[in-house]
Amino acid sequence: MLVYQTTFGKEFLVVNNKTLYEQKADISDIKAKLNDQNVDAITIKLKGNIGTVLKKCEGKIVSKQKINNKNIFYVYSKKLSGYTQCSKSNMQIVENGDNITVGIPIIVGGF
């Protein structure tokens, strides 16, 4: 599994839980990873709120739940291709105060 992670201004490319490199995050790199057929999942951590994320990705909340005081949203964005069979979503977003974790299609590694 190839997972691409960006956390508060840094990038990590993770293969089988081993970090290969780290560099400053750039939105064009994230867009490129979305089109890379070898990437299985992308996880992005940022500061903000769910409304801003939904607006940027033109996302619609499919379902939501609350676990350990964290709001978990399953979202479908027409800007992304495909979706998970279990929830018909292609993004998972966790809101914990102003800390937002976005997973495409799901969050890998925890939130």
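Residues numbered from 1 in each chain as written. Predicted model: local features only at pLDDT ≥ 70, side-chain atom pairs only at ≥ 80, totals over all residues. Heavy atoms only, no water.

Caption draft 1: Structural view of the overall build of the protein. When its secondary structure is counted, the protein shows 2 helices and 8 strands. Out of the 111 residues in the protein, the part that is buried amounts to 37%. The contacts in the protein between residues at least 6 apart in sequence include a share of 38% that link residues at least 24 apart. When the accessible surface of the protein is split by element, carbon and sulfur atoms take 51% of a total near 7,000 Å². (Helix = DSSP H or I, 4+ residues; strand = E, 2+ residues; numbered from the N terminus. Buried < 20%, exposed > 50% of the residue type's maximum accessible area, 1.4 Å probe, protein only. Contact = heavy atoms within 4.5 Å. Areas by Shrake-Rupley, 256 points an atom, 1.4 Å probe, with all protein chains shown as cover.)

Caption draft 2: Local environment of the pattern of salt bridges. Evaluation of the coordinates by the stated rule reveals 3 salt bridges. With a closest N to O distance of 3.8 Å, lysine 47 and aspartate 98 form a salt bridge. Placement of the pair is lysine 47 in strand β4 (residues 41-47) and aspartate 98 in the loop between β7 (91-96) and β8 (99-104), with a sequence separation of 51 residues. Look at the salt bridges and you will find they share partners, linking Glu58, Lys78 and Lys79 into a network. (Salt bridge = Lys/Arg side-chain N within 4 Å of Asp/Glu carboxyl O.)

Caption draft 3: The environment of valine 62, seen in detail. With respect to the helices and strands, the residue valine 62 is situated in strand β5 (residues 59-67). The sequence separation of valine 62 and serine 89 amounts to 27 residues, and the corresponding C-alpha distance is 6.6 Å.

Caption draft 4: Here's a closer look at the nonpolar core. Counting residues in each nonpolar core, the largest one holds 15 residues, and the members touching the most others are Val53, Val75, Met91, Ile93, Val102 and Ile104. For this core, the secondary structure elements donating two or more residues are β4, α2 (50-57), β6 (70-77), β7 and β8. (Core = buried A, V, L, I, M, F, W, Y, C linked by side-chain atoms within 4.5 Å.)

Caption draft 5: Examining the pairing of β5 more closely. Looking at chain direction, β5 and β6 are connected through 8 bridges and run antiparallel. The residue bridging isoleucine 61 from the neighbouring strand is valine 75, located in β6. Here β5 folds back onto β6, and the loop between the two strands holds 2 residues, one of which, asparagine 68, carries a positive phi near 50°. (Pairing = 2+ DSSP bridges.)

Caption draft 6: Up close: the environment of glycine 59. Secondary-structure assignment places glycine 59 in strand β5. Put simply, glycine 59 and lysine 78 are 19 residues apart on the chain and 7.1 Å apart in space, counted from C-alpha to C-alpha. The residues contacting glycine 59, other than those within four sequence positions of it, are Leu54, Val75, Tyr76 and Ser77.

Caption draft 7: Region of interest: the pairing of β8. The buried fraction of β8 is high, at 5 of 6 residues. By the bridge criterion, 6 bridges tie β4 to β8 in an arrangement that is antiparallel. Residue pairing across strands places leucine 46 opposite isoleucine 100, the latter belonging to β8. Of the strand pairs in this sheet, β7 and β8 are connected by 5 bridges, and their pairing is antiparallel. Within β8, the residue paired with glutamate 95 across the bridge is isoleucine 100. Hairpin connection from β7 to β8: 2 residues lie between these consecutive antiparallel strands, with glycine 97 at a positive phi of about 70°.

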